[in-house]
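Okay, here's what each chain looks like letter by letter:
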Amino acid sequence: MRRIHLVVSGRVQGVGFRAYTQQAAIENDIVGWVRNLADGAVEVEAVGEDKQVDQFIKKVKKGPSFFAKVKNIEVTECETVHNYQKFEIVY
């Protein structure tokens, strides 16, 4: 299992990005969470198998639609794996 932390910046709030990220996680058997940050970025914590995590990152980079613009993704590999049960949108 692999755990990653992402900070996605660009036009990623108000464009369906969290729901899109949750759907991408479900499709790739990823557990964790996604939330908006005060600075306009979106933060993601994701846990899954290596191949699924790589697919998930590709989907997140693509974004949900024409209206979303992912400018940058900071990917941090995390040591410990949390025991998340599902992928949630955190408010």
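Preceding block: the structure.
Residues numbered from 1 in each chain as written. Predicted model: local features only at pLDDT ≥ 70, side-chain atom pairs only at ≥ 80, totals over all residues. Heavy atoms only, no water.

**Student:** Looking at this structure, how should I read the overall build of the protein chain?
**Tutor:** On a plain count of helices and strands, the protein chain comes out with two helices and five strands. Secondary structure elements of the protein chain, listed N to C terminal, follow the sequence β-α-β-β-α-β-β. Against the 2.2 N^0.38 benchmark of 12 Å for 91 residues, the protein chain shows a C-alpha radius of gyration of 12 Å, consistent with a compact globule. Summarising its shape, the C-alpha atoms of the protein chain cover approximately 30 × 25 × 20 Å along the three principal directions. The buried share of the protein chain, taken over its 91 residues, is 41%. Restricting the contact set of the protein chain to residue pairs at least 6 apart, pairs at least 24 apart contribute 79%. Split by element, the accessible area of the protein chain, about 5500 Å² in all, is 48% carbon and sulfur. Of the side-chain charges in the protein chain, 13 are positive and 12 negative, and the distance between the mean point of each set is 9 Å. (Helix = DSSP H or I, 4+ residues; strand = E, 2+ residues; numbered from the N terminus. Rg over C-alpha atoms; globule rule 2.2 N^0.38 Å. Buried < 20%, exposed > 50% of the residue type's maximum accessible area, 1.4 Å probe, protein only. Contact = heavy atoms within 4.5 Å. Areas by Shrake-Rupley, 256 points an atom, 1.4 Å probe, with all protein chains shown as cover. Lys, Arg positive; Asp, Glu negative; His and termini not counted. Charge placed at Lys NZ, Arg CZ, Asp CG, Glu CD.)

**Student:** Would you take a moment to explain helix H1 (residues 17–27) for this structure?
**Tutor:** One turn of an α-helix holds 3.6 residues; hence residues three or four places apart share an orientation. Among all positions in H1, only Phe17, Tyr20, Thr21, Ala24 and Ala25 are buried. Seen from one end, H1 has its buried residues packed into an arc of 140 degrees, which puts them on one side. As for H1, its buried residues are in contact with strand E1 (2–11), strand E2 (31–36), strand E3 (42–48), helix H2 (50–62), strand E4 (69–78) and strand E5 (87–89). Positive backbone phi, at 55 degrees, marks Asp29, one or two positions downstream of H1. (Arc of directions from axis to C-beta.)

**Student:** How should I be thinking about the environment of Ile4 in this particular structure?
**Tutor:** With respect to the element layout, Ile4 can be found in strand E1. Here the alpha-carbon distance between Ile4 and Glu77, two residues 73 residues apart in the chain, equals 4.7 Å.

**Student:** What is the right way to read unusual backbone geometry from this model?
**Tutor:** As a rule of thumb, non-glycine residues mostly have phi less than zero, and peptide bonds are mostly trans rather than cis. Positive phi values are uncommon outside glycine, yet Asp29 reaches one of about 55 degrees. Tracing the chain through its elements places Asp29 in the loop between H1 and E2. For Asp29, a relative accessible area of 63% corresponds to the exposed category.

**Student:** When you look at the packing of aromatic side chains in this model, what are you seeing that I'm missing?
**Tutor:** Two numbers describe a pair of aromatic rings. These are the distance of the centres and the angle of the planes. As enumerated under the stated definition, the model contains three aromatic pairs in all. Here Lys69 stacks its cationic end above the ring of Phe66, 4.8 Å away from the centre of that ring. (Phe/Tyr/Trp six-rings, centres within 6.5 Å; stacked < 30°, edge-to-face > 60°. Lys NZ or Arg CZ within 6 Å of the ring centre and 35° of its normal.)

**Student:** Just checking my understanding: could you explain the sheet that holds E2 for this structure?
**Tutor:** Two modes of strand pairing occur in sheets, parallel and antiparallel, and in both the strands are linked by backbone hydrogen bonds. With respect to topology, five strands assemble into an open sheet ordered E4-E1-E3-E2-E5, the strand pairing being mixed. The sheet is open, and its two edges are formed by E4 and E5, each paired on a single side. Direction aside, neighbouring strands of the sheet carry axes that sit 15 degrees apart on average. Where H1 meets the sheet, it contacts E1, E2, E3, E4 and E5, and its direction lies at approximately 175 degrees from that of E5. Helix-sheet contacts for H2 involve E1, E3, E4 and E5, and the interaxial angle to E1 is about 5 degrees. (Pairing = 2+ DSSP bridges. Axes fitted to C-alpha atoms, helices over the stretch in contact; angles between N-to-C directions.)

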